[in-house]
Each structure stands twice: as C-alpha cells, then as structure tokens.
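Remarks on the overall topology
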Amino acid sequence: MIRVSIIGATGYAGAELLRLLYNHPQVQVVHITSESYTGKKISEVYPHLRGLYDQELISMKDMDTIANDSDFVFIGLPHGHAMEVGKALANTNVRIIDLGADYRFDDTDIYEAWYKVAHTHKDAPRVYGLAELYRENIKNAKIIGNAGCYTTASILALAPLVKNEFIEPNTIIVDAKSGTSGSGRSAKQMTHYPELYDNFKAYGVATHRHTPEIEQALGHLCHRKVTLNFTPHLVPMSRGILSTCYANIKQWVTPEMIDKAYTDMYGDEYFIRLLGRGAYPSTKEVRGSNFCDIGWHIDLRTGRIIVLSAIDNLVKGAAGQAIQNFNIACGFDEKTGLDFTPIYP
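Presented here is an overview of the structure given in this document. (Residues numbered from 1 in each chain as written. Predicted model: local features only at pLDDT ≥ 70, side-chain atom pairs only at ≥ 80, totals over all residues. Heavy atoms only, no water.)

So, about the overall build of the protein. A tally of helices and strands in the protein yields 11 helices and 13 strands. On C-alpha atoms alone, the protein measures out to a radius of gyration of 20 Å, which is about the 20 Å that the 2.2 N^0.38 rule sets for 345 residues. Along the first, second and third principal axes, the C-alpha atoms of the protein reach 60 × 45 × 40 Å. Sorting the 345 residues of the protein into buried and exposed places 56% on the buried side. (Helix = DSSP H or I, 4+ residues; strand = E, 2+ residues; numbered from the N terminus. Rg over C-alpha atoms; globule rule 2.2 N^0.38 Å. Buried < 20%, exposed > 50% of the residue type's maximum accessible area, 1.4 Å probe, protein only.)

Set out below in structure tokens:
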C-alpha cells in the first residue's frame, strides 16, 4: 500500500481526490489537512463522505508527521502555498503532486508575471503533469505539477495538430466554458446563485492564467514560441469544461491527414475518446469520469479547423488526472482507481 496525504482536503479538488482514492486498491490515506476546519472530521465538512472517511482534519503545520507517515502528498491549495510544502519536503523521500499552479511552469518568471506571486522554490525538480504527453517524465519525478483544467482540455485538443505542424500555431484561438466548481469552494460574487443562474458570461479576457500554460505545452510540441488567445466563460452548471479551439490549417494538409494524426497520437489512450470528424463532444457524456472526448470539424471555406473537447474539470481536469499521474509514478496501470463509466444523465 502507498501511504498518501492530502494537503488542503476541503477544497472541491481535495474532496474529489478522497472520493476517487476510496476505490484505489493500492492507496492508504493517512493524513488530510485543512486550516479552516482543523479538528473537525472530513465527513462533517462533506457529508457525502460519511461512513467512508471519518478522519479528523489536521493542520499542515504538522509537516514532520505528514512527511514521516507519507510516501506521496497531494496538494490542493491555492497558488503560492504549494511551494512552501515543496520546500518543507525537499529533503525527504516524499513525492509530491500539486494540483495548483506552483510547479507547472518551466520558467518561474512566467509564473510570477501571470500569478503576481514570488516563486520561492525556483530550483525544484518538477515536471508538468499532463499524463498523455509527459508520461516518461512523470515516472520518476519528485514533484509533478498537475495540469490545469482548461489547459488539459485545450492542450489535448490541439496537440496532434501542433506536433505535426498542420496548423499555424499563432492563429490559435481557444474559447472555453466551465462549470462553477472550477473557481473553488470559497464564496465569490460571480458564482453567487442570483448572479450565476440563467446567465452566461466571459471573464479573464486576455488575462487568464491558464494562457501561458497552454502556450508552454504547445511550444514544447512544435519547438517554438506559441502565442494564442484564450477566453474562458462561466456557465451555470457545477461540473464540466467544453473547449472550442480554432486555428488556420496549412494549405498542404488534407482532412484525412488530420484524422490520422489524432488516431496516431491517441488511438491507444484509454482516457481519450476520439469521436472523430464532425462529432460534438458533450460535458454530460464525461461527467464524473477521467475521460476526455474530442471531435473536430474542418471548414474548407475559411481554411480553419475547429476542435472540440469535453472533460469533467474536477476529474480529468484535477483529481482524476492527479491519480493518473500517481499511477504512472508508482508503476501501476493508469486506470487503477479510475476505471469507471461517466455519470449520466
């Protein structure tokens, strides 16, 4: 059994980790932390875990105990906090999967520019945790920076096109919609029920922090700097992301070449379901699962491709991908603890 602890277990991603890890046959959850609910049982904070987890939440300040008792630590804290945990565990054998942004970037200057926080663990031995693209790097990593939710949907949608140089990368536009759980559990005006219900709005136009993360991964694939437009939207549902990605196709590329590129890259990937050319992925069809559904449309009139991808932001976009990365790092089958059908309707 691999002993794991969850730092920040009372956020939505932390609670989703607990839900998914309950069915993982190789995991023992030893510690869960919360600074807001220290001393309470997790089942008091999340009653759906009653009878499954009745552990008491401890403070992350007790890092020596956590380090001594854990093989892996999942961090579900807001940006700027995971790096402190990383530094505290740097000289231990504990491996880390951070569900936040602190360890996602190769260049910490980019992190500081977009997140407006000083990075205090610049020399951390980290890898980017998008399982299907960085599998070999993840296997032996000390720190895995779990990919973000919008970024997972968008990068997976575009990766075959960028890798094969079928599109002009600086013509990429990503238009994505998310359910409200992506903004966390803390109360905010934009997710307040009277503001959200029967409403649909964009936010973070030209400033959203997932922009440089998408650019970084796509840049790795084509070995050049990528600059794109990313616009997120908030929709009145709790879970799900639909990412619609646009780009100019190079003149010599045929629809059949594009179809083959997706099959070649993802045909053997269990968690990526290729719906094919002309398909329309739907958030409800991946709800509660670790699947990413992808379909694409080729507009010959404009010379553009439109790629659609759907994920559950709390699973493939957060906790599920973290467990997939954990499985890779431990040498387990990637499906372990994640091999279940979506919830429908």
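Between helix 1 (residues 12-21) and helix 11 (residues 315-330), whose axes approach to 9 Å, the crossing angle comes to 50°. Put simply, helix 1 runs oblique to helix 11. As helix 1 runs across helix 11, the sense of the crossing is right-handed. Between helix 1, through Ala13, Glu16, Leu17, Arg19, Leu20 and Leu21, and helix 11, the contact on the second element is made entirely by Val315, Ala318, Ala319, Gly320, Ala322 and Ile323. Among the residues forming the contact of helix 1 with helix 11, the class breakdown is nine nonpolar, one polar and two charged. (Axes fitted to C-alpha atoms, helices over the stretch in contact; angles between N-to-C directions. Parallel < 35°, antiparallel > 145°, perpendicular 65-115°, else oblique. Left-handed = near helix turned anticlockwise from the far one by under 90°. Contact = heavy atoms within 4.5 Å. Nonpolar A, V, L, I, M, F, W, Y, C, P; charged D, E, K, R; others polar.)

Tyr344 connects to Pro345 through a cis peptide bond whose omega is 0°. Even without glycine at this site, His223 takes up a positive phi of about 60°. The residue His223 is located in the loop between helix 9 (211-222) and strand 9 (229-234) in this model.

This part takes up the environment of Tyr197. Residue placement: Tyr197 occurs in the loop between helix 8 (193-196) and strand 8 (201-202). You can call Tyr197 exposed: its relative accessible area is 53%. C-alpha of Tyr197 to C-alpha of Ser186: the two residues are 11 residues apart in sequence and 17 Å apart in space.

On to the environment of Val226, then. Mapped onto the secondary structure, Val226 falls in the loop between helix 9 and strand 9. Among the residues examined, Val226 registers a relative accessible area of 3% and is labelled buried. C-alpha separation for the pair Val226 and Leu21, spaced 205 residues apart in sequence, amounts to 36 Å. When sequence neighbours within four positions are dropped, the list of residues in contact with Val226 reads Pro169, Asn170, Glu215, Leu218 and Gly219.

Turning to the side chain of Gln321, a few remarks are in order. As for its position among the elements, Gln321 is in helix 11. Taking relative accessible area as the criterion, Gln321 reaches 0% and is therefore assigned buried. Setting aside chain neighbours within four positions, we find Gln321 in contact with Gly129, Leu130, Ala131, Glu132, Asn146, Ala147, Thr152, Asn290, Val315 and Lys316.

All right, on to the sheet that holds strand 13 (residues 304-311) then. Pairing is mixed across the open sheet formed by seven strands, whose spatial order is 8-9-7-10-13-12-11. Of all strands in the sheet, those bounded by a partner on one side alone are strand 8 and strand 11 (272-277). Where strand 10 (residues 241-248) and strand 13 come together, eight bridges link them in antiparallel fashion. From the neighbouring strand, Ala247 faces strand 13, where its bridge partner is Ile305. (Pairing = 2+ DSSP bridges.)

Each full turn of the α-helix corresponds to 3.6 residues, which orients residues three or four apart in the same direction. Considered for burial, the residues of helix 5 (residues 108-115) that qualify are Thr108, Tyr111 and Tyr115. Projected down its long axis, helix 5 shows its buried positions confined to an angular sector of 50°, all on one face. Residues of helix 5 that are buried make contact with helix 4 (82-88) and strand 5 (126-129). Measuring from the side-chain oxygen of the N-cap residue of helix 5 to the backbone nitrogen of Asp109 gives 2.8 Å; that N-cap residue is Asp107. (Arc of directions from axis to C-beta. Polar contact = N/O pair within 3.5 Å; in protein donor to acceptor, adjacent residues only side chain to side chain.)

Side-chain alternation along strand 4 (residues 95-98) places Arg95 and Ile97 on one buried face and Ile96 and Asp98 on a second face that is also buried. When strand 3 (residues 72-75) meets strand 4, the two strands line up parallel, connected through four bridges. Pairing of Phe72 across the sheet is with Arg95, part of strand 4. The parallel pair strand 3 and strand 4 is bridged by helix 4, and the resulting crossover is right-handed. (Right-handed = clockwise from strand over helix to strand, strands pointing away.)

The pairing of strands in a sheet comes from backbone hydrogen bonds and takes either a parallel or an antiparallel form. One open sheet accounts for six strands, arranged 2-1-3-4-6-5; its pairing is parallel. Only two strands of the sheet have a single partner each, and these edge strands are strand 2 (27-32) and strand 5. Direction aside, neighbouring strands of the sheet carry axes that sit 25° apart on average. Examined bridge by bridge, strand 5 and strand 6 (residues 143-146) share four bridges and lie parallel to one another. Across the sheet, the residue bridging to Tyr128 is Gly145, located in strand 6. Packing of helix 6 (residues 131-138) onto the sheet brings it into contact with strand 4, strand 5 and strand 6, and relative to strand 5 it is tilted by some 155°.

Moving on, we come to the pairing of strand 2. Pairing between strand 1 (residues 2-7) and strand 2: five bridges, direction parallel. By the bridge assignment, Ile2 is partnered in strand 2 with Val27. As for the winding sense of the linkage, the β-α-β connection from strand 1 through helix 1 to strand 2 is right-handed.

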